[in-house]
Structures are given as structure tokens and as C-alpha cells.
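# Observations on the model geometry
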Amino acid sequence: MAQVLTQTQTERLSQQMRLSQQQLQVVKLLEMPIAELEQQVKEELMGNPALEEGRKSDVEDDAPASTDTAETTADDRSDDDDYSDFDAEAAASEVAQYSSDDLPLYATGTASAREEENVPFGDEGSFIEDLEAQMVNYNLTDEEEKILKYLIGSLDNRGYIDRPLSALADELAFKEYIYVSEDELENHLKVLQSFDPAGIGARSTQECLLLQIDRKLEGRDAPVSETKSRVLKMEREMISRYYDLFINRNKERLKTVMNLSDPQLEALFADIKKLNVNPGFALGESRSSRVQTQVPDFIIDTDLDGNIQMRLNRGEVPRLHVSQEYIDQLKKYQANPHKLSRSEKEGMMYTKDKVESATMFIDSLKRRMQTMRDTMAAIIRAQKAYILSKDEDDKVRLILDDIAKATGYDISTISRVCSSKCALLDGRIYPLSDFFKLTRTNAEGHHIDGRKVLDVLHEIVDAEDKKAPFTDDQLVELMKRRGITLARRTVAKYRKEAGIPAVADRRG
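Every value quoted in this text rests on a predicted model; they were computed, and no experiment measured them.

Turning our attention to the overall build of the protein chain. Tallying secondary structure elements over the protein chain gives 21 helices and 10 strands in all. The buried share of the protein chain, taken over its 508 residues, is 43%. Within the protein chain, counting contacts between residues at least 6 apart in sequence, those at least 24 apart form 71% of the total. Counting every atom, the protein chain has about 28,200 Å² of accessible surface; 47% of that belongs to carbon and sulfur.

So, in C-alpha cells, the structure goes:
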């Protein structure tokens, strides 16, 4: 039967959000802690001759970024702390802007490229603690936090959940007095699987690969082009539908069922090979062998008068400017563009590209600084009492969305600032997640601090008559007299969490 080829044209209207190359670069730089940023700047200086260290003028001003930053606004800040006094907008008007649908130009610096002796501060932390710290990004109840922590503690050395959810549900009921169905536990596992690194919490290698592919398709780490999206969809089809053929490297069969050519199939295999099938490998290492060197991104100092000073840690990141030699050379080329030889035109394009890249990098650094400064200033305003006293009782309810509203930035931007940064507060390092606090809602709809509930509960039980201990209903009434209104079920949950036995077991 003869095949008939026809060509049709369809029109489709869709709305897509695509970040510019400049925005992508800002996002990448914003995610970097100061140690990685130092390495990234070094790489840019080595790779772009149009980017130079220092100011154009010989005047250096090393004054602090701000004083009493908690009260400082974007309008009254000094630019003394900027990496450069180079006017990015003025330069951009002289240099034609390029457009690109691809990924950003600059790669993230790696930890292995750093020299540890140049890092002045150190702290310890385990991979499990890193995962638990990510819970601050979710509005979880006390019970949900305990379930997630139990799931995190159940990960094997690869970062997988290697037991059936039904068995974990039984353990939660027996050990933690938390009763959840298998379907509910599945939903909690999906929350864990949204944590970093991608693939954590998988129950098989197949699911681990699918989680990482889906993360890329969602564009969480970086937006993907239409071409890359099609590639990822083919990879997902291969892993989800033809995993047995993939794992056995039955390439001939895969080419047939997926209608692929040899180059296409090899490209898919090569791309999938880059995925990490052991996202929790670090769990197998001891805590003592995983000393994580931390460099604070913010330095916060307080005094007895209640003043707070904050500045960004610039580390070894120098001030930068665009080479005047390259700018002058570009102006010469542009003065007579129609009289240039072929080699001169190539020289003009090269110079133009380097000046453009240098300009964009400097502007991205300045935007990173401004965003970080605004974010930390908002945190200080919200948690001023806690920062001055270091007392957990003074910490107020604060979530990422509160800071997003206070600064006007998107919540994803605030998350990038807070996820991997830390602050040196009066000589002690605090992850930014420590400045956030979730509270629970009581029966009257008011926010309460769970830690205070536990303290009051212990006080009441410690003072009771052991011959006639209080029932949960009586505990509800006694706590209500102290201004804490909770349902009986909630009081029972707090009692179990505090390790307080039931009334029959407390009777002496």
C-alpha cells in the first residue's frame, strides 16, 4: 500500500514565561554561597579578557555596606559596597544586546575547586540535617514534620526508601503513635521527593531516574528549551515504559519500539548516564568525616543598645569593571562599520561579545548583592528581638512567603537566598533557616508556639497529684485557663510527643 505524505498547518496560542539570559545568570549567582561565588568570579576573569579587577578610578572605599541595616531601605543605601561603579545601563546602550534561547553562559563553581585553607569558618552538619532543614520551605503541622523526619531517617545509604510504605505506616503507629494510611504516607513521600538533591526518597532506581527527569521537565533548576523538553520526554518514555530494555541495553529493540535512529538513541543514553542513581551516597559517610566548611554570607553584629549592623561578606570577590581598552576598541570598529575587512568584522564581533558578557556579569553581581541585602534586612526586621536576645522564646512566626511580601521578590527568589546561605551572628554561624519559625493554629484560630505548649504541659503534669492524675479532658481545661486553647486530640498528641504516659500509667 502506497504511503501518502501530507503537510498541514495549525495555529496554536499559548502563553509561556521564558527568563532572559540576564535573569538566568542572576538566578545562578543567587543560589551560590560566597565560597562558590569566589570561584565563579575567578573563572569569569580567566575566561573573559574584557573583565578586569578593580575600579576604573584609583579611589577605593572599603566602608561597610550599611549601619543598622534593619532600618535601612533600598533608597538610602550607599553604593560603596558594590563590586563596581560601572554603569551597566549606559554600557548596554552602546553595545547591542544579544538574545538566546539556550542556558546561561556561566557554570556554577564546584566545591572541589575551592582551597579549604582560604575558608575561615567551619561547622559540622549531616546530610540528614540538610534534608530536615528544607522542611522550613513547607507549611507543615507538627505531625507532618514528624512523619517527614521519620521518612528521612528511613533512607538507606543510597537515599532510597527500601521498605514498603505499609511497613513504615505500622512503625509510625507503634513507635510514634501516629496513625496514617498508606495513601497518606505516599503523599508525604512525594513532599520528601521534592527536596534536594533530586531523586531523594525514591523506592527504586527507575523511580530515582524519573524523579530527576521530571525535575528537569518542570524547569525547577533552570528553564528548558523546546528541543531539550522533547529530549527529556523521550528519556521519560524510555525509563517509564521500556525500563527493562534500557537496563539490559537492548538498543535494537529500543530503536524499534521508540522509532529512534542510532545517533538519537546514543544521545539519550549519554544524557541519562549523567543522572545520579545514588542521591544519598553521603548518608553512608560518618558525621566526623563530613565536616562541612561554612563561610558566612552575612555578618551581623549587635550591641547592648539594641543596634544591629549587617554587611555582606565579600570574601575574596574583587570589584570589577569592563576593560576600557576593549570599549575603546569596540568604538573604533563601530565608527566605520561599512569599511571593515572580514577579519576586522570578526574582531568587532569578538570584542562586542566579550564586552557584553562582562557588562552582564557585573550587573548580575550587583543584582545578587541587592537581593541578598534586601532579604536579610527583611529577616532582621521580622526577627529583631530574637537576633538581639538569641532566645527561642523571642522568635516570631516567620515563613518564606512573609519575606517575599516584605521585599517584593518572588518566593522562589527568597528560597534561593535562604536555602544554602548562613550568617555569622555575634561570632556564631546560623543557617538562614534558623531565623524562620512555623507556628500552629489552635482551636480558636490563633497561632501558638508548640514548644511553649510542651513546657506548659510538663508544668501541669509535674504538679499533679500522682494518686489522681489529670485526664486529657482535664488537661484541655487546665491549659485553657493558661490561655492555650486546644482540642482534646491535639493535647493527646502533644502529651505523647512530650513522652508523658496516659493517665492510667501515671497513677502512682
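After that view, the rundown keeps rolling.
To continue, consider helix 17 (residues 411-419). Among the residues making up helix 17, those that are buried are Thr413, Ile414, Arg416, Val417 and Cys418. Check the buried side of helix 17 and you find it contacts helix 1 (21-31), strand 4 (298-302), helix 14 (342-382) and helix 16 (400-407).

Let us look at the pairing of strand 4. Put simply, side chains in a regular strand alternate between the two faces of the sheet. In terms of strand pairing, strand 4 meets strand 5 (residues 308-312) through five bridges, oriented antiparallel. Opposite Thr302, over in strand 5, you have Ile308 as the bridge partner. Following strand 4, the chain reverses through five residues before pairing antiparallel with strand 5; Gly306 in that reversal takes a positive phi of roughly 85°. Strand direction decides the pairing type here: strand 4 and strand 7 (residues 422-425), joined by three bridges, are parallel. Residue pairing for strand 7: Ile299 is matched across the bridge by Leu424.

The next thing to look at is the confidence of the model for the protein chain. The pLDDT averaged across the protein chain works out to 76; a share of 76% of its residues lies at or above 70. Taken as a whole, residues 58-125 scores under 50 in pLDDT and shows 145 contacts with residues more than four places along the chain or in a different chain. A low-confidence stretch, residues 282-292 (pLDDT under 50), is modelled with 25 contacts involving residues beyond four sequence positions or located in other chains.

Attention shifts here to the sheet that holds strand 7. Spatially, 5-4-7-8 is the arrangement adopted by the four strands of the open sheet, whose pairing is mixed. Each end of this open sheet is capped by a strand with a single partner; those strands are strand 5 and strand 8 (428-431). Going across the sheet, the axis of each strand differs from the next one's by a mean of 25°, ignoring polarity. Packed onto the sheet, helix 14 meets strand 4 and strand 5 and runs at close to 155° relative to strand 5.

With respect to the helices and strands, the residue Asp374 is situated in helix 14. The class of Asp374 is buried, set by a relative accessible area of 13%. Polar contacts involving the side chain of Asp374 include one to the side chain of Tyr409, which spans 2.7 Å.

Moving on to the packing of helix 2 (residues 34-47) against helix 14. Where helix 2 contacts helix 14, the axes come no closer than 11 Å and their chain directions differ by 165°. Here helix 2 lies roughly antiparallel to helix 14, going by the angle between them. Note on packing geometry: the crossing formed by helix 2 with helix 14 is left-handed. In this structure, helix 2 contributes Ile34, Leu37, Gln40, Val41, Glu44 and Gly47 to the contact, and helix 14 contributes Lys354, Phe361, Leu365 and Arg368. Within the contact of helix 2 with helix 14, the residues separate by chemical class into five nonpolar, two polar and three charged.

Once that is clear, we can look at the packing of aromatic side chains. In this structure the tally under the stated criterion is five aromatic pairs. Ring centres of Tyr430 and Phe435 lie 6.0 Å apart, and the angle between their planes is 40°; on these two criteria the pair is classed as tilted. Each member of the pair, Tyr430 as well as Phe435, is classed as buried. A network of ring pairs unites the aromatic residues Tyr243, Phe246 and Phe269 as a single cluster. When the ring centre of Tyr386 is taken as reference, the NZ or CZ atom of Lys395 above it lies at 4.7 Å.

Turning next to the pattern of salt bridges. Applying the stated criterion to the full structure yields 21 salt bridges. The shortest N-O distance in the salt bridge between Arg215 and Asp196 comes to 2.7 Å. With Arg215 in helix 8 (residues 205-218) and Asp196 in the loop between helix 7 (182-193) and helix 8, this residue pair connects regions lying 19 residues apart in the sequence. Its salt-bridge partner being Lys466, residue Glu464 comes within 3.4 Å of it at the nearest N-O pair. Classification of Lys466 as partly exposed rests on a relative accessible area of 37%. Among the ionic contacts, a cluster of salt bridges with common partners joins Glu186, Arg203 and Glu207.

For the rest of this paragraph, the subject is the nonpolar core. Core analysis: the biggest nonpolar cluster contains 28 residues, and Phe298, Ile300, Met376, Leu432, Phe435 and Phe436 have the highest contact counts within it. At the level of elements, strand 4, strand 5, helix 14, helix 15 (384-389), helix 16, helix 17 and strand 7 are the ones that each hand at least two residues to this core. Of all the elements, helix 14 adds the most residues to this core, at six residues. With residues near it in sequence (within four places) discarded, Phe298 still touches Met310, Arg311, Leu312, Asn313, Met372, Met376, Val417, Lys421, Cys422, Ala423, Leu424 and Leu432. Core analysis: the second largest hydrophobic core is formed by 21 residues, Leu131, Ile147, Tyr150 and Ile178 among them.

Between helix 14 and helix 17, the least distance of the axes is 10 Å, while the angle of their chain directions is 85°. Comparing the axis directions of helix 14 and helix 17 gives the class roughly perpendicular. Contacts between helix 14 and helix 17 involve Thr371, Met372, Thr375 and Ile379 from the former and Thr413, Ile414, Val417 and Cys418 from the latter. Across the contact of helix 14 with helix 17, the residue classes break down as five nonpolar, three polar and no charged.

Right, let's talk about unusual backbone geometry for a bit. With omega at 0°, the peptide bond leading from Asp196 into Pro197 counts as cis. Positive phi, close to 60°, is recorded for Lys390, a residue that is not glycine. Relative to the helices and strands, Lys390 resides in the loop between helix 15 and helix 16.

Below, the discussion takes up helix 6 (residues 165-175). When we look at burial in helix 6, the residues that qualify are Leu165, Leu168, Ala169, Glu171, Leu172 and Ala173. On its buried face, helix 6 is in contact with helix 5 (142-153) and helix 7. Phi turns positive, to about 60°, at Tyr177, one or two residues after helix 6.

Quick notes on the rules
Residues numbered from 1 in each chain as written. Predicted model: local features only at pLDDT ≥ 70, side-chain atom pairs only at ≥ 80, totals over all residues. Heavy atoms only, no water. Helix = DSSP H or I, 4+ residues; strand = E, 2+ residues; numbered from the N terminus. Buried < 20%, exposed > 50% of the residue type's maximum accessible area, 1.4 Å probe, protein only. Contact = heavy atoms within 4.5 Å. Areas by Shrake-Rupley, 256 points an atom, 1.4 Å probe, with all protein chains shown as cover. Pairing = 2+ DSSP bridges. pLDDT = per-residue confidence, 0-100. Axes fitted to C-alpha atoms, helices over the stretch in contact; angles between N-to-C directions. Polar contact = N/O pair within 3.5 Å; in protein donor to acceptor, adjacent residues only side chain to side chain. Parallel < 35°, antiparallel > 145°, perpendicular 65-115°, else oblique. Left-handed = near helix turned anticlockwise from the far one by under 90°. Nonpolar A, V, L, I, M, F, W, Y, C, P; charged D, E, K, R; others polar. Phe/Tyr/Trp six-rings, centres within 6.5 Å; stacked < 30°, edge-to-face > 60°. Lys NZ or Arg CZ within 6 Å of the ring centre and 35° of its normal. Salt bridge = Lys/Arg side-chain N within 4 Å of Asp/Glu carboxyl O. Core = buried A, V, L, I, M, F, W, Y, C linked by side-chain atoms within 4.5 Å.

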